[in-house]
Amino acid sequence: MIKVRDIKSNINLWSILSLIFIILIVLPNLNIFINIFNESNQNWNHIKEYLLKDYIINSLTLIMFTGLFTIFIGTSLSWLISVYDFPFRNFFKWGLILPLAIPPYIGAYTYNGLLNYTGVIQSFLRNFYNIQVNQKYFNVMSIKGAIFIFTIFLFPYVYIITKSYLEKQSSSLIENARVLGRNSMETFVYVVLPISRGAIIGGVSLVILEVLNDYGVVKYFGIPTFSTAIFKTWFSMGDIDSAVKLASILMFLVFIILILEKFLRGRKKYSYTTSKITPISRKRLKGFKGKLAFSFCFLIFSIGFLIPTLQLIHWSLLTYKDILNIRFVKLIVNSLSIALISSVLIIIIAIVIANYCRLKNNFLSKIYSKTTLVGYSIPGAVISIGVILFFINIDNRLYWVYKMINKNSAKLVLSTSIIMLIFAYIMRFLAIGYNSIESGFEKVGNKFFEASRTLGMGITETFIKVDFKMIKPAILSGFILVFVDILKELPLTLILRPFNFNTLSTKAFEYASDEMIQEASIASLIIIIISVISIYFFYKAGNKEEV
Amino acid sequence: MRRNVRNISIGLVLALTLLVFAGCSTNEVNKTDDLETEKKKVVNLYTNRHYDTDEKLLETFTEETGIKVNVVKGNSDELIERLDREGKDTKADLLITADAGRLYRAKEKDLLQSAKSEVLDKNIPENLRDQDNEWFGLTVRGRVIVYSKDRVDPEELSTYEDLINSKWNKKILVRSSSNIYNQSLLASLIEINGEEKAKEWAKGVVKNMARDPKGNDRAQATAVVAGEGDLAIMNTYYIGKMLNSSNPEEVKVAENVGVFFPSQNTSGTHINVSGIGLTKHAKNKDNAIKLMEFLSSEKAQKQFAEANYEYPANPSVEPSELLKSWGEFETQNINLSKLGENNKKAVKIFNEVGWK
């Protein structure tokens, strides 16, 4: 009798749905792993002999240097902002997040258009002062340029995480160091860096995953890396087996990085050690020092946001007459509606799994919770292969159902529809939604849920009447983050979209690759504006929570 | 108030879910509609071209024949991959894509079929179409040498083979070998000079490069004017595009370079096409062939070629004034199918000699 009761109490709507979602996330990835052991063909031998070395070296160079530079910029800025007071500090506090609103591929072609021979800077020097500069110093289309682009648009990941850690955690330690007579530099090196190691590494691993996921920048700059190689072998060579092999090597690289992250963080988990948050008493920087701090922040803000945005506005003014038409409106509607639908679905799935996991809290639920994070670490190029193979497989199996519904039905129904793209978005971005909802549940705890259950409400009823209301801020911030990420997403959208389905990001990239950089500006600007607004709301919501 | 918010949000979620399902089911309905209309006057076209003038041209076709043209646009490689994936379920009747190398790949993957039409045979010269009539070139571009008007005397230029001469050391600008235009150029040299000579040539060009290959064709012309090198290998239509750019600086660049057609006294200048093929599983074969014939006809060819600053494939149609100003030129006398046949060899040679 007890056993039946056990099963009964374990099987409910939430557990069944969670199981289904988890299986759906795992299955497409299995496709990739199964294919690793396929026999290698001639193409693969050729790739291995002549190309693989370059892919590995380039990808590693990119992640190493981008990692180092983002650590330097992100940490120093978060240190300045959290422990000092200087002119415009309040603005920079959130302004320095803004580079995140510009997707790196848009930053890449904007900077190239700005700096190259026909760009504003060189034309100005040439036409007004007759100065011919050496192209070497103005060329961003190189591996160094790519490192610059990634650093300047991705450092906010390190900045945000480190800053919030410093603000919440470190005040007593920093003050002790000050009292004991350490100067600023010493405090930074001997106290701040060691204690915020976990936060810094957490931020930088996000940066590294983004770099490995990137397709737009490296493709535009012509740098052979894993993601471009996967696209090339798949589409130009038409060799999906070799593409899968490349994908599996890339997955392997990602796993090493994740393990390394765990190892480097050590026991220092990035979490609250005390519930009491004492804000740091900020030191006022006067005179020259204040100006220096301001200049550094302003410099980074300009390079990471102000300059590219102004350039895009300039280009928009040149081209809006040709670009803004009814087709462009459709583009915006496409982008917004697919981002909206996918975000809502992601939030719903995240709620279901997170709610199940916190209530069960057993071995299985821990696995679930880890599985949701898988998608975010897998680069888009890899996910897209897995998803396509998976959907073609489903279509083959469901063909008889399609035929029952419609005698003349085509075989590939799902794999030629927008559902495939939405599915891929869910796989990739579930982690982001899940993280914020999980932390929402963590803050609320289980007491209210238990009280409600004791008073006779069911799980679902409790969720709607109690939990939902309490985690609303978490839902909102999760939704915003996911929404912006989908809006900016490029590689998945590029491959998996149905025909004639363009979004702002694919259109901007197409224009840019067609060498029509000015024409790409309006689509890019709209993405940036929506992202800025979302970041602002997200920032405000975060601040409210803290108070 | 709170309850309202809750109700609204639940309602929103429900509405969205319904929307998704509605989206799927309308797709289904459309499909049946399509199938019914397929027996009517329709033709479905997959194309990599995206010019507004094309739309007007297709409208003219519809007016004349009553056949509606459904267009699906995409990147060339993706279109071929998609066609392959869709197999016999594809709705596409025609594929338009740039480069004979790609058209050959589509043929090799068994995605195309032979189109029998006297009109096409008459309009499109033999070397610009597939040996089995599985694809037909519609527009022609040359891959030429562009030189700095300040620093290079065109008298010094002669053939593609001459580019490996030591006088051009650190002077040549060319894009990456992952680009199909370079692959097809080398494929043609393999055909004309043999594999070994072609490899020597590729090696020599790498040695004479002014910088590592980067950027696209336009970037090479810009680099010439910026003084990074003296010669660039690029497609003719890019000069046309630059001359008509919305950026005045780019126009200046194009005005400062000269166009040279190499190998005039030997094997001729390398040309390539943007072409059309009838898909293997075309459901509207007759309509499709009518559209192919229309696009090869004298009245369509001019507009079709000029949209992209290219030469018309139909020899009885004159090229635009701009192209005429560059003068007439002799072309390589090989069947363009060879570009596809030699593609794999070309890619291998590039990787072996380290042409990035």
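Bear in mind that the values here come from a model prediction, so they are computed numbers and not experimental data. (Residues numbered from 1 in each chain as written. Chains lettered and ligands numbered in written order. Predicted model: local features only at pLDDT ≥ 70, side-chain atom pairs only at ≥ 80, totals over all residues. Heavy atoms only, no water.)

**Considering the overall build of chain A**
- Within chain A, the secondary structure is distributed over 25 helices and two strands.
- Its C-alpha atoms give chain A a radius of gyration of 25 Å, within 12% of the compact-globule value 24 Å for 547 residues.
- If you line up chain A on its principal axes, its C-alpha atoms span 85 × 60 × 50 Å.
- Counting all 547 residues of chain A, 56% fall into the buried class.
- Put simply, 83% of the contacts in chain A that link residues at least 6 apart link residues at least 24 apart. (Helix = DSSP H or I, 4+ residues; strand = E, 2+ residues; numbered from the N terminus. Rg over C-alpha atoms; globule rule 2.2 N^0.38 Å. Buried < 20%, exposed > 50% of the residue type's maximum accessible area, 1.4 Å probe, protein only. Contact = heavy atoms within 4.5 Å.)

**Points about the environment of Phe298 of chain A**
Residues and elements named next belong to chain A.
- The topology assignment puts Phe298 in helix H15 (residues 287-323).
- Counting along the chain gives 95 residues from Phe298 to Gly203, while the straight-line C-alpha distance between them is 22 Å.
- Residue contacts for Phe298: discarding those within four places in its chain leaves Phe92 and Leu306.

**So, the pairing of strand E5 (residues 135-148) of chain B**
Residues and elements named next belong to chain B.
- Burial analysis of E5 places 14 of its 14 residues in the buried class, which makes it a mostly covered element.
- Bridge count between E5 and strand E9 (residues 271-279): seven bridges; the pairing is antiparallel. What sits directly across from Gly137, in E9, is Gly275.
- Pairing of E5 with strand E10 (residues 311-312), which is carried by two bridges, proceeds in the antiparallel orientation. Among the inter-strand pairings, Val140 is bridged to a residue of E10, identified as Tyr311. (Pairing = 2+ DSSP bridges.)

**Section: the pairing of strand E7 (residues 231-235) of chain B**
All names here are of chain B.
- Counting buried positions along E7 yields five of five residues, so the element is predominantly enclosed.
- Burial along E7 is two-sided: the residues Leu231, Ile233 and Asn235 and Ala232 and Met234 are all buried.
- Across five bridges, E5 lies against E7 in antiparallel orientation. Bridged to Val144 within E7 is Met234.
- Relative to E7, strand E6 (residues 172-173) runs parallel, the two sharing two bridges. Across the sheet, Leu173 pairs through a bridge with Ala232, a residue of E7.

**Quick word on helix H9 (residues 171-179) of chain A**
Residue and element names in this part refer to chain A.
- Along H9, the residues classified as buried are Ser171, Ile174 and Ala177. The buried residues of H9 occupy one face: seen down the axis, they fall within an arc of 130°.
- Looking one or two residues beyond H9, the residue adopting positive phi is Gly181, at roughly 90°. (Arc of directions from axis to C-beta.)

**A closer look at the pattern of salt bridges**
Residues and elements named next belong to chain B.
- One pass over the full model with this rule turns up 31 salt bridges over all chains.
- Residue Arg141 is joined to Glu310 by a salt bridge in which the shortest nitrogen-to-oxygen separation is 2.5 Å. Linking Arg141 in strand E5 with Glu310 in the loop between helix H12 (298-306) and E10, this pair joins segments that are 169 residues apart in sequence. Per residue, the accessibility class of Arg141 equals that of Glu310, and both read buried. (Salt bridge = Lys/Arg side-chain N within 4 Å of Asp/Glu carboxyl O.)

**Structural notes on unusual backbone geometry**
Residue and element names in this part refer to chain B.
- A positive phi angle, near 60°, is found at Asn133, a position not held by glycine.
- Mapped onto the elements of the fold, Asn133 is located in the loop between helix H5 (118-123) and E5.
- Relative accessible area serves as the criterion here: at 14%, Asn133 is assigned to the buried category.
- The phi dihedral of Tyr309 falls on the positive side, at around 55°, and the residue is not glycine.

**Observations regarding the domain arrangement of chain B**
Residue and element names in this part refer to chain B.
- Under the domain assignment used here, chain B contains domain 1 (13-138 + 274-315) and domain 2 (141-270 + 329-353).
- Placing the centre of domain 1 and that of domain 2 at their C-alpha centroids yields a distance of 30 Å.
- When domain 1 packs against domain 2, close to 1,700 Å² is buried across both sides, 54% of that on carbon and sulfur atoms.
- Remark: the boundary between domain 1 and domain 2 carries one salt bridge.
- When residues of the side of domain 1 that touches domain 2 are assigned to their parent elements, the largest contribution, six residues, is made by helix H4 (residues 100-108).
- Along the lines of polarity and charge, the residues of the side of domain 1 that touches domain 2 split into eight nonpolar, five polar and eight charged. (Domains from an automatic or database assignment. Buried area = accessible area lost by both parts, 1.4 Å probe. Nonpolar A, V, L, I, M, F, W, Y, C, P; charged D, E, K, R; others polar.)

**Remarks on a nonpolar patch on the surface**
- A contiguous nonpolar surface patch, about 710 Å² in accessible area, is contributed by Phe298, Leu306, Ile307, Leu310, Ile313, Leu317, Tyr320 and Leu324 of chain A.
- Positionally, Ile313 of chain A belongs in helix H15. (Patch = residues over 30% accessible without salt bridge, like charges linked within 9 Å, V, L, I, M, F, W, Y side chains within 5 Å. Areas by Shrake-Rupley, 256 points an atom, 1.4 Å probe, with all protein chains shown as cover.)

**Some details on the packing of aromatic side chains**
- Scanning the entire structure with this criterion turns up 37 aromatic pairs over all chains.
- Their ring planes at 85° and their centres at 5.3 Å tell us that Tyr111 of chain A and Phe148 of chain A sit as a pair that is edge-to-face. Of this pair, Tyr111 of chain A sits in helix H5 (residues 104-115) while Phe148 of chain A sits in helix H7 (residues 143-154), and the two are 37 residues apart along the sequence.
- Judged by its relative accessible area of 6%, Tyr111 of chain A falls in the buried class.
- On the accessibility criterion, Phe148 of chain A (30% relative accessible area) is partly exposed.
- Connected via pairs of aromatic rings, a cluster forms that spans Phe88, Phe91, Phe92, Phe294, Phe298, Phe301 and Phe305 of chain A.
- The positively charged end of Lys507 of chain A is found above the aromatic ring belonging to Tyr511 of chain A, 5.2 Å away from the centroid.
- It is Arg49 of chain B that lies over the ring of Phe304 of chain B; its NZ or CZ is 3.6 Å from the centre. (Phe/Tyr/Trp six-rings, centres within 6.5 Å; stacked < 30°, edge-to-face > 60°. Lys NZ or Arg CZ within 6 Å of the ring centre and 35° of its normal.)

**Quick notes on the packing of H5 of chain A against H15 of chain A**
All names here are of chain A.
- The contact between H5 and H15 brings their axes to 10 Å, and the two run at 70°. Judged by the angle between their axes, H5 and H15 are roughly perpendicular. Across the interface between the two elements, Ile106, Tyr109, Thr110, Tyr111, Gly113 and Leu114 of H5 pack against Ser302, Ile303, Ile307, Pro308, Gln311, Leu312 and Trp315 of H15.
- Across the contact of H5 with H15, the residue classes tally to nine nonpolar, four polar and no charged. (Axes fitted to C-alpha atoms, helices over the stretch in contact; angles between N-to-C directions. Parallel < 35°, antiparallel > 145°, perpendicular 65-115°, else oblique.)

**A few points about the interface of chain A and chain B**
- Between chain A and chain B, the contact holds 49 residues from the first and 54 residues from the second.
- Together, the buried faces of chain A and chain B total about 4,700 Å²; carbon and sulfur atoms form 55% of this surface.
- Counting across the interface, chain A meets chain B through three salt bridges.
- For Arg327 of chain A, the salt bridge is made with Glu55 of chain B, and the minimal N-O distance between the two is 3.6 Å.
- Linking chain A with chain B are six residue pairs in polar contact (both at pLDDT 80 or more), by the criterion used here.
- For the side of chain A that touches chain B, the secondary-structure elements that each account for two or more residues are helix H3 (42-83), helix H6 (120-129), helix H13 (226-236), helix H16 (326-360), helix H18 (380-405), helix H19 (418-444) and helix H21 (459-470) of chain A. (Polar contact = N/O pair within 3.5 Å; in protein donor to acceptor, adjacent residues only side chain to side chain.)

**Brief notes about the side chain of Asn334 of chain A**
- In this fold, Asn334 of chain A is placed in helix H16.
- According to the relative accessible area criterion, Asn334 of chain A is buried, its value standing at 13%.

**Digging into the confidence of the model for chain B**
All names here are of chain B.
- Across chain B, the average pLDDT comes to 85, with 89% of residues at or above 70.
- This stretch, residues 18-38, has a pLDDT under 50; its non-local contacts, to residues over four places away or in other chains, come to 16 contacts.
- Model confidence for the complex is summarised by a pTM of 0.83, with the ipTM given as 0.75. (pLDDT = per-residue confidence, 0-100.)

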